[in-house]
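# Results of the structural survey
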Amino acid sequence: MNLIRAIKSEWMKTKRTAFRCIVLLVPILFSILVLAYISVFKIDYTFQIKVYEIYFETISIGLTMLAGILTTLNIMGEDSAGEFRRMLIVPLSRNTIYIGKLFMLILITIIDMFASTAILLLGIKFLYPGVNIEYGIFLQGTLFTIIASLFLYGLYLILSIKFGIGLTMLITAGGTVLGALMQTGMGDRGVWTFIPWAWSGRLGIIPVYNLEGFSKFQNINNSLLQNAFTEVITKAMPIAVVSFLIICIVGVVWFKKWEGVKNN
């Protein structure tokens, strides 16, 4: 109950802030832009493959940046309210305060991601009623993208509280560029598994292997695609999940001892 209370409290703090505008408008506007972009695509067996690739390649890069923006906006609110004093005097344990803040950010991301995907799929169904879309694979890609981005929320939260907004956004921008590069041939040798900013792009795109016609589109044997899919999921997904759990534990232990911003 205390955790739910903490999450609700964190959400209420965002009232009349840029934070709410972003989380409410971004999934809608992004999906509309994608729908406008794919209007030039040829309607054939490659249509849903191309839609999947452009959607998840773009949203995975955007999510690594959005995670940093949302986290820093949230911490800016705490800082402007009195150098975190309000956050530290609430009648909740330090563990609950920290986890409540982290889980609020993650919950918002989950809602936004699935809302964006739903708007895209509904738009395609309405605009292209004869096109075959494998909804389950799009939802699987959404889930993989979310799981792969969780570590970044834990990392950004610690950085923004400890070191401030400037350094966090600098790391966010640099990490986003690095993650985008890892979606190219630079990350093909497996180096991307050790770069958190690349996880959402690489794991989010992998379900495209299961789309109907993808093996024909790439001229690759379907069994090879399935082996590649299994290898990526079994190797990279555990790294993403375990890393998130570790950063959560580190954050809770650190925040429990944190004494707030010290004035010089």
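Residues numbered from 1 in each chain as written. Predicted model: local features only at pLDDT ≥ 70, side-chain atom pairs only at ≥ 80, totals over all residues. Heavy atoms only, no water.

### Some details on the side chain of Thr117
Put simply, the test is: The helix count covers DSSP runs of H or I at least four residues long, the strand count covers runs of E at least two residues long, and both are numbered beginning at the N terminus. Residue contacts are defined here by distance: any two heavy atoms, one from each residue, within 4.5 Å place the two residues in contact.
Relative to the assigned elements, Thr117 resides in helix α5 (residues 94-127). Other than its neighbours up to four places away in sequence, Thr117 contacts Tyr55, Phe138, Leu139 and Thr142.

### Comments concerning the layout of surface pockets
Rules: A 1.4 Å probe that fits into a set of points on a 1 Å grid over the protein atoms alone but cannot get out defines a cavity; an open set with protein on both sides within 12 Å along at least five of seven lines defines a pocket, and lining residues are those with an atom within 4 Å of a point. Grid points are joined across faces, edges and corners, and a volume is the space filled by probe spheres set on the points. In the scheme used here, Gly and all other residues not listed as nonpolar or charged are polar, with Ala, Val, Leu, Ile, Met, Phe, Trp, Tyr, Cys and Pro taken as nonpolar and Asp, Glu, Lys and Arg as charged.
As a volume, the largest pocket reaches approximately 490 Å³. Broken down by secondary-structure element, the contributors of at least two residues to the lining of the largest pocket are α3 (47-80), α8 (196-205), α9 (214-218) and α10 (222-257). Here the element with the most residues in the lining of the largest pocket is α10; it accounts for 5 residues. Of the residues assigned to the lining of the largest pocket, the class counts are 9 nonpolar, 6 polar and 7 charged. In this structure, the second largest pocket occupies an estimated 250 Å³ of space. Lining the second largest pocket we find 15 residues, and of these Val26, Phe30, Ile59, Gly62 and Leu66 sit closest to its centre. When residues in the lining of the second largest pocket are grouped by element, the largest group, 7 residues, is from α3. By residue class, the composition of the lining of the second largest pocket is 10 nonpolar, 4 polar and 1 charged.

### Some thoughts on the confidence of the model for the chain
The following threshold applies: A residue's pLDDT is simply how confident the predictor is in it, with values from 0 to 100.
Here the chain averages 87 in pLDDT, and 92% of its residues register 70 or above. For the chain, helix α4 (residues 85-89) is the element with the lowest average pLDDT, namely 62, and helix α6 (residues 135-163) is the one with the highest, namely 94.

### Here's the deal with the pattern of salt bridges
For clarity, the threshold we go by: Salt bridges are identified by distance alone: a Lys or Arg side-chain nitrogen within 4 Å of an Asp or Glu carboxyl oxygen. Exposure is judged per residue with a 1.4 Å probe applied to protein chains only, and the accessible area is read against the type maximum: over 50% gives exposed, under 20% gives buried, and values in between give partly exposed.
For the structure shown, the criterion picks out 3 salt bridges. A salt bridge links Glu231 to Lys235, with the nearest nitrogen and oxygen atoms 3.2 Å apart. Remark: Lys235 and Glu231 occur in helix α10; sequence separation between them is 4 residues, near one turn of the helix. Residue classification places Glu231 among the partly exposed positions, given a relative accessible area of 43%. Shared partners join several salt bridges into a network, and the residues in it are Glu10, Lys13 and Lys101.

### Overview of helix α2 (residues 18-37)
Each α-helix turn comprises 3.6 residues. Residues three or four places apart therefore point the same way. Quick reminder of the rule: Between the first and last residue of a helix there are one fewer steps than residues, each counted as 1.5 Å, and that sum is the expected span. What is called the bend at a residue is the angle between a pair of axes, fitted to the seven residues leading up to and ending at it and to the seven starting from it.
For α2, spanning 20 residues, the distance from its first C-alpha to its last is 27 Å, which sits close to the expected 28 Å at 1.5 Å a residue. The largest bend along α2 reaches roughly 35 degrees and is located at Leu25, with the proline Pro27 sitting one to four residues downstream. Residues of α2 that are buried include every one of Phe19, Arg20, Val23, Pro27, Phe30, Ser31, Val34 and Leu35, and no others.

### Things to note about the nonpolar core
We apply this condition: For our purposes a nonpolar core is just a set of buried Ala, Val, Leu, Ile, Met, Phe, Trp, Tyr and Cys residues, chained together by side-chain atoms within 4.5 Å.
Judged by nonpolar contacts, the single largest core of 75 residues is most densely connected at Ile38, Ile124 and Leu203. Breaking this core down by element, the ones donating at least two residues are α2, α3, α5, α6, α8 and α10. Sort the elements by how many residues they give to this core and α6 lands first, with 15 residues. With sequence-adjacent residues up to four places away left out, Leu203 is seen in contact with Phe144, Ala148, Trp192, Val232, Ile233, Ala236, Met237 and Ala240.

### A few points about α8
Here α8 lies mainly inside the structure; 10 of its 10 residues are buried. Regarding α8, the residues found buried are Pro196, Trp197, Ala198, Trp199, Ser200, Gly201, Arg202, Leu203, Gly204 and Ile205.

### Here we look at the packing of α6 against α10
Put simply, the test is: Axis lines are fitted to C-alpha atoms, over the contacting stretch for helices. Their N-to-C directions set the angle, which ranges from 0 to 180 degrees. By definition in this entry, angles of less than 35 degrees are roughly parallel, angles greater than 145 are roughly antiparallel, angles of 65 to 115 are roughly perpendicular, and the rest are oblique. Handedness of a helix crossing follows the sense of rotation of the near helix relative to the far helix, less than a right angle counterclockwise being left-handed and clockwise being right-handed.
As a packed pair, α6 and α10 sit with axes 9 Å apart at the nearest point and diverge in direction by 30 degrees. In this view, α6 runs roughly parallel relative to α10, as classed from their interaxial angle. When you trace α6 past α10, the crossing you get is left-handed. Along its contact with α6, which presents Gln140, Phe144, Ile147, Ala148, Leu150, Phe151, Gly154, Leu155, Ile158, Ile161 and Lys162, the element α10 presents Phe229, Ile233, Met237, Ala240, Val241, Ser243, Phe244, Ile247, Val250, Gly251, Trp254 and Phe255. For the contact of α6 with α10, the residue count by class is 18 nonpolar, 4 polar and 1 charged.

### Remarks on the environment of Thr230
Along the polypeptide, Thr230 turns up in helix α10. The class of Thr230 is partly exposed, set by a relative accessible area of 44%. For the pair Thr230 and Ile206, spaced 24 residues apart in sequence, the C-alpha separation works out to 9.5 Å.

### What to know about the packing of α5 against α10
A pair of packed helices can be characterised by two numbers: the angle between their axes and the separation between those axes. Taken N-terminus to C-terminus, the directions of α5 and α10 make an angle of 140 degrees; their axes are 8 Å apart at the nearest point. When the axes of α5 and α10 are compared, the pair comes out oblique. Crossing hand, α5 versus α10: right-handed. Two secondary-structure elements touch here, α5 through Arg94, Asn95, Ile97, Tyr98, Ile99, Leu102 and Ile106 and α10 through Phe244, Cys248, Gly251, Val252, Phe255, Lys256 and Lys257. Here the residues of the contact of α5 with α10 sort into 9 nonpolar, 2 polar and 3 charged.

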